[in-house]
Amino acid sequence: PGGSLMPEQKTFNYNLSMVHVHSEHFFSSIKGQFKSLRELCIPIQSQKDLNYANMWIHSCFILHNLIVEIEEK
């Protein structure tokens, strides 16, 4: 407990932290763009519920990517 980390472990932790921060920023951005995601409150009680939520989120990602592509032209 409280021991020092090896340099490889520090590098790994730093990289993992950066991925976490970037993904949090991305999800915040997506939620800002799609109100339906902010209000997506689905109790996940079955595989069907999970599939529905995943499909909804995936659809928003696709729309986001299309918007980015169109805006770049």
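Relevant structure appears above.
Everything numeric in this text was worked out from a predicted model, so none of it was measured.

Describe the pattern of salt bridges, and please don't skip the residues or the numbers.
Using the criterion set out here, one finds 1 salt bridge in the structure. Measuring nitrogen to oxygen at the nearest pair gives 3.7 Å for the salt bridge that ties K35 to E39. E39 gets classed as exposed once you look at its relative accessible area, which sits at 51%.

Break down the state of the cysteines for me, with residues and values.
In a disulfide, the sulfur atoms of two cysteines are covalently bonded to one another. Enumeration over the complete set of coordinates arrives at 0 disulfides. Of all cysteine sulfurs in the structure, the one in C41 sits closest to C60, which takes part in no disulfide; the separation is 14 Å. When its relative accessible area of 4% is taken as the criterion, C60 is described as buried.

Hey, could you go over a nonpolar patch on the surface for me, with residue numbers and the actual values?
A grouping of I62, L63, L66, I67 and I70 is seen on the molecular surface, where their side chains present a nonpolar patch of about 430 Å² in accessible area. Along the chain, I70 falls in helix α3 (residues 47-72). By relative accessible area, I70 is classed as exposed at 61%.

Conventions used here
- Residues numbered from 1 in each chain as written.
- Predicted model: local features only at pLDDT ≥ 70, side-chain atom pairs only at ≥ 80, totals over all residues.
- Heavy atoms only, no water.
- Salt bridge = Lys/Arg side-chain N within 4 Å of Asp/Glu carboxyl O.
- Buried < 20%, exposed > 50% of the residue type's maximum accessible area, 1.4 Å probe, protein only.
- Disulfide = S-S within 2.5 Å.
- Patch = residues over 30% accessible without salt bridge, like charges linked within 9 Å, V, L, I, M, F, W, Y side chains within 5 Å.
- Areas by Shrake-Rupley, 256 points an atom, 1.4 Å probe, with all protein chains shown as cover.
- Helix = DSSP H or I, 4+ residues; strand = E, 2+ residues; numbered from the N terminus.

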